[in-house]
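# Breakdown of the fold
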Amino acid sequence: MTEFNAKCSKFCSDTEADFRIKNNLVHPLEKYWPSGNNKNRRKSKDYNKQFNSHPLINPGACRIRDDSVKDDGALILVKEYTRSAAGTLKPLAKEVRTPDTLWNTILHLFKRVIKRSDYGWPLIYEFIFDRLRAIRKDAVIQGLADINLIKILEASVVFYVGADIYFSQTEFEHFDSYMNRYHLNSTLNHLIGLYDRLKVISKNRIVFEQVYLLAEISNPRVLSRFYGLYKTIRDDPGVKTAHSISLGYQIGFVHQAFQKLGSLSNLATLTLCLHLPRLRRISLLIFDKGCRSKNLSYSVDDWKQLCLYNSAKEVTADCFLLNLAVDREGIQFRGQASREKIPKKNQSYLPNQIDFNFFELLEFSLED
């Protein structure tokens, strides 16, 4: 592979910036006002001082006039993702961002854009999701394969996990869980391969090895890799627990996932929570097949505690989806559970006993 020296030191190259401004293709989240997002703000005397001193504006910003709000503002363009296709020209060095600029773009997305309150979370998610793809594409174009790429991939994984959990609690109808998890798994595979190639041994790797074992919990290939890890990583209690949970899923012993949920790192715990709805329903199917009885029933409250449901209503809803009868005495296991395809979501992934703060999670991804 020929060496490619990226030269762009801005969030967005001048070529793309000029084209998008000219054709009115600027994303709403790329418009920024130094004094905040108050559209009724009057131009202050120290406007230029605020604009020029901002640490994240200068790399890729230009002054604009927004006629819709009648106020001076700054435009912070971030390179958008474009799919490679036949007939497209090879990108020039001046259009591909340097490794330091790629990381600065991550900082801008995770420290400023994601905290904006003037737009809804679905729009913010779509914007960051697209820009992360563009960041990874720039890294691939220049053949980046060092600690800089590891930092970028780690931050991306944290975002995908956190976004999935966040949407399960709020506006799920605006969210494509399949696409998010597809990118989560592909980014994880890239990251794990890079760990192996560079022979990295670090605290972060221990965390992301746990995440890898749990993200694709139904993939047998993930299990076989565990035995080839460095001994210091393989002997870590969190990695051992993640392997045990993944192995238990493969052999049908899913209940240990509920028992060992608190023994993992915070990020790995959240990754396992992504599978909780499926694990709960599998538990019902296994119990219906192996413990069926015409006379006995299982208390709904006991089942709620056993499988970490947040309410008895969630237990009843899962039983209804699987055609299991529920009465005052409890769940009736008669060996008649339905195994038809069930909706992808009817409950929050996150048990009440697990604390989750998306912004704190992202701060972890930005630590050196």
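Keep in mind it's a predicted model, so treat the numbers as computed, not measured. (Residues numbered from 1 in each chain as written. Predicted model: local features only at pLDDT ≥ 70, side-chain atom pairs only at ≥ 80, totals over all residues. Heavy atoms only, no water.)

## Considerations on the packing of aromatic side chains
Per the counting criterion, the structure on display carries 21 aromatic pairs. Geometrically, the ring pair formed by Tyr125 and Phe167 is edge-to-face, given 5.4 Å between the ring centres and 80° between the ring planes. Of this pair, Tyr125 sits in helix H4 (residues 121-141) while Phe167 sits in helix H5 (residues 147-169), and the two are 42 residues apart along the sequence. Of the residues examined, Phe167 reaches a relative accessible area of 0% and is grouped as buried. Chaining the aromatic ring pairs together yields one cluster made of Phe110, Trp121, Tyr125, Phe129, Phe159, Tyr160, Tyr166, Phe167, Phe175, Phe356 and Phe358. Positioned over the ring face of Phe359 is Lys115, at 5.9 Å from the centre of the ring. Stacked on the ring of Tyr309, the Lys or Arg Arg280 has its end atom at 4.8 Å from the ring centre. (Phe/Tyr/Trp six-rings, centres within 6.5 Å; stacked < 30°, edge-to-face > 60°. Helix = DSSP H or I, 4+ residues; strand = E, 2+ residues; numbered from the N terminus. Buried < 20%, exposed > 50% of the residue type's maximum accessible area, 1.4 Å probe, protein only. Lys NZ or Arg CZ within 6 Å of the ring centre and 35° of its normal.)

## A look at the layout of surface pockets
Using a probe with the size of a water molecule, rolled over the atoms, empty space left in the structure can be pinpointed. Reported here for the second largest pocket is a volume of approximately 570 Å³. Looking at the lining of the second largest pocket, the elements with two or more residues in it are helix H1 (14-22) and H4. Here the lining of the second largest pocket is built from residues that sort into seven nonpolar, five polar and nine charged. (1 Å grid on protein atoms, 1.4 Å probe; cavity = no way out; pocket = protein on both sides within 12 Å on 5 of 7 lines; lining within 4 Å. Points joined across faces, edges and corners; volume = space filled by probe spheres on them. Nonpolar A, V, L, I, M, F, W, Y, C, P; charged D, E, K, R; others polar.)

## A word on H4
The terminal C-alpha atoms of H4 lie 30 Å apart, and with 21 residues this matches the ideal 30 Å at 1.5 Å per residue to within 8%. For H4, the buried fraction is high: 15 of the 21 residues fall into the buried class. Within two residues after H4, Gly143 carries a phi angle of roughly 65°, on the positive side. (Expected span 1.5 Å × (residues − 1).)

## A short note on the environment of Tyr349
Turning to its location among the elements, Tyr349 is positioned in the loop between strand E6 (330-332) and helix H16 (358-365). Taking relative accessible area as the criterion, Tyr349 reaches 2% and is therefore assigned buried. For the pair Tyr349 and Ile165, spaced 184 residues apart in the sequence, the C-alpha separation amounts to 6.6 Å.

## Structural notes on the pattern of salt bridges
The tally for this structure, following the rule as stated, stands at 15 salt bridges. The partner of Asp196 in a salt bridge is Arg205, and the shortest N-O contact between them spans 2.7 Å. Judged by relative accessible area, Asp196 falls into the partly exposed class, the value being 37%. Glu209 is paired through a salt bridge with Arg225; the nearest N and O atoms lie 2.9 Å apart. With Glu209 in helix H7 (residues 203-215) and Arg225 in helix H8 (residues 220-225), this residue pair connects regions lying 16 residues apart in the sequence. Summarising the burial analysis for this pair, Glu209 and Arg225 share the class buried. If you follow the salt bridges from partner to partner, you end up with Glu16, Arg20, Glu30, Asp130 and Arg131 in one network. (Salt bridge = Lys/Arg side-chain N within 4 Å of Asp/Glu carboxyl O.)

## Some details on unusual backbone geometry
Phi is positive for Asn24, close to 55°, though the residue is something other than glycine. Among the structural elements, Asn24 can be located in the loop between H1 and strand E1 (31-32). The phi torsion at Lys199 lies on the positive side, around 55°, for a residue other than glycine. Inspection of the secondary structure puts Lys199 in the loop between helix H6 (177-198) and H7. By relative accessible area, Lys199 is classed as exposed at 59%.

## A closer look at the environment of Asn323
Secondary-structure assignment places Asn323 in the loop between helix H15 (312-321) and strand E5 (325-327). In the structure, Asn323 is positioned 14 residues away from Ala337 in sequence and 5.3 Å away in space, judged by C-alpha atoms. In this structure, Asn323 is in contact with Gln336 and Ser338, ignoring residues within four places of it in sequence. (Contact = heavy atoms within 4.5 Å.)

## Here we look at the packing of H5 against H16
Following both chains from N to C, one finds H5 and H16 inclined at 170°, their axes separated by 9 Å at the closest point. For the element pair H5 / H16, the angle class is roughly antiparallel. Only Phe358, Leu361, Leu362, Phe364 and Ser365 of H16 make contact with H5, whose side of the interface consists of Ala155, Val158, Phe159, Gly162, Ala163 and Tyr166. (Axes fitted to C-alpha atoms, helices over the stretch in contact; angles between N-to-C directions. Parallel < 35°, antiparallel > 145°, perpendicular 65-115°, else oblique.)

## A short note on the state of the cysteines
A full pass over the atoms with the stated rule returns zero disulfides. Looking at Cys12, it has no disulfide partner, and the nearest cysteine sulfur is the one in Cys8, 7.4 Å off. (Disulfide = S-S within 2.5 Å.)

## Quick look at the nonpolar core
Membership of the largest hydrophobic core comes to 95 residues, with the highest contact counts inside it found for Phe110, Ile128 and Phe159. No other element matches H5, which puts 13 residues into this core. Counting residues in hydrophobic clusters, the runner-up holds five residues, among them Cys12, Ala17, Val26 and Leu75. (Core = buried A, V, L, I, M, F, W, Y, C linked by side-chain atoms within 4.5 Å.)

## As for the confidence of the model for the protein chain
Should pLDDT be low for a region, the predicted coordinates there are not to be read in detail. When pLDDT is averaged along the protein chain, the result is 82; 83% of the residues meet or exceed 70. Low pLDDT (under 50) marks residues 36-72, which in the prediction has 63 contacts with non-local residues, meaning those over four places away or in another chain. (pLDDT = per-residue confidence, 0-100.)

## Description of the sheet that holds strand E4 (residues 297-298)
Read across the open sheet, the three strands follow the order E4-E6-E5; overall the sheet is antiparallel. Only two strands of the sheet have a single partner each, and these edge strands are E4 and E5. Here three bridges tie E5 to E6, and the two strands are oriented antiparallel to one another. Its bridge partner lying in E6, Asp327 is registered against Gly330. (Pairing = 2+ DSSP bridges.)

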